[in-house]
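A structural walkthrough
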Amino acid sequence: MTIRIDATIWIDRPPSVVFAFMSDPANWPAYTPALVSARQVDSKPRGLGSVFEFTIAFLGSTVDMHTEWTRYEQDVAIGFRNADDAKVGTVSLTTCTAD
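Report on the accompanying structure.

Cut-offs and rules
Residue positions within a chain follow its written sequence, with the count starting from 1. For this predicted model, a pLDDT threshold of at least 70 governs which residues receive local features, and a threshold of 80 or more governs which side-chain atom pairs are given and counted, while totals over whole chains, interfaces and linings are taken from all residues. Values reported for side chains reflect all heavy atoms of the structure, with hydrogen atoms and water molecules removed beforehand. Distance thresholds for patches are 9 Å for like charges and 5 Å for nonpolar side chains (Val, Leu, Ile, Met, Phe, Trp, Tyr), applied to residues having over 30% relative accessible area and no salt bridge. All accessible-area figures derive from a Shrake-Rupley calculation using a 1.4 Å probe, and residue coverage is judged against the displayed protein chains alone. Salt bridge, as used here, is a side-chain nitrogen of Lys or Arg placed within 4 Å of a carboxyl oxygen of Asp or Glu. Here a helix means four or more residues in a row that DSSP labels H or I, a strand means two or more in a row labelled E, and each is numbered from the N terminus. Type-normalised accessible area, obtained with a 1.4 Å probe on protein chains alone, sets the label of each residue: buried when under 20%, exposed when over 50%, and partly exposed for intermediate values. Contacts were defined at the residue level, with two residues in contact if any of their heavy atoms lie within 4.5 Å. Any two strands are treated as partners once DSSP identifies two or more bridges connecting them.

Before going further, it helps to spend a moment on a nonpolar patch on the surface. On the surface, a cluster of nonpolar side chains totalling about 330 Å² of accessible area is made up of Phe58, Leu59 and Val63. Along the chain, Leu59 turns up in the loop between strand E2 (51-58) and strand E3 (61-73).

Have a look at this one:
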């Protein structure tokens, strides 16, 4: 079974500013309420193939997960998948200017 969820939000900032904020794992809890913590676990510069560890609060307990960036276009898009179980799904964040 495949479930696809699309959402669009308007942020009155340049795409480069939004991308910088969203690509920094220290900021992820600010826009993902269930996220307790997030950090990059590899030592290379953030980009394609980067791996992150994060903790989510869920039903009174916490769950640790890992993601790997599968798409990285500076100031444009980030795609990632669950590195622990590829069946869980993928997420894509894309910036653009308003027309």
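Read on, since the account is not over.
On to the environment of Gly49, then. Within the element layout of this structure, Gly49 appears in the loop between strand E1 (35-40) and E2. A residue is classified by how much of its surface remains accessible, and Gly49, at 16% relative accessible area, is buried. Spatially, the C-alpha atoms of Gly49 and Phe80 are 8.9 Å apart, while their sequence positions differ by 31 residues. Residues in contact with Gly49, not counting those within four places in the same chain, are Asp42, Lys44, Glu68 and Trp69.

Summarising the element assignment, Ser50 is placed in the loop between E1 and E2. Setting aside its immediate chain neighbours within four residues, Ser50 contacts Gln40, Asp42, Lys44, Pro45, Thr67, Glu68 and Trp69.

What follows is about the pairing of E2. Here E1 runs beside E2; their pairing, made up of 5 bridges, is antiparallel. In the sheet register, Ser37 faces E2, and the bridge partner there is Thr55. Bridge count for E2 against E3 is 8 bridges, and the pairing is antiparallel. Residue pairing for E3: Phe58 is matched across the bridge by Ser61.

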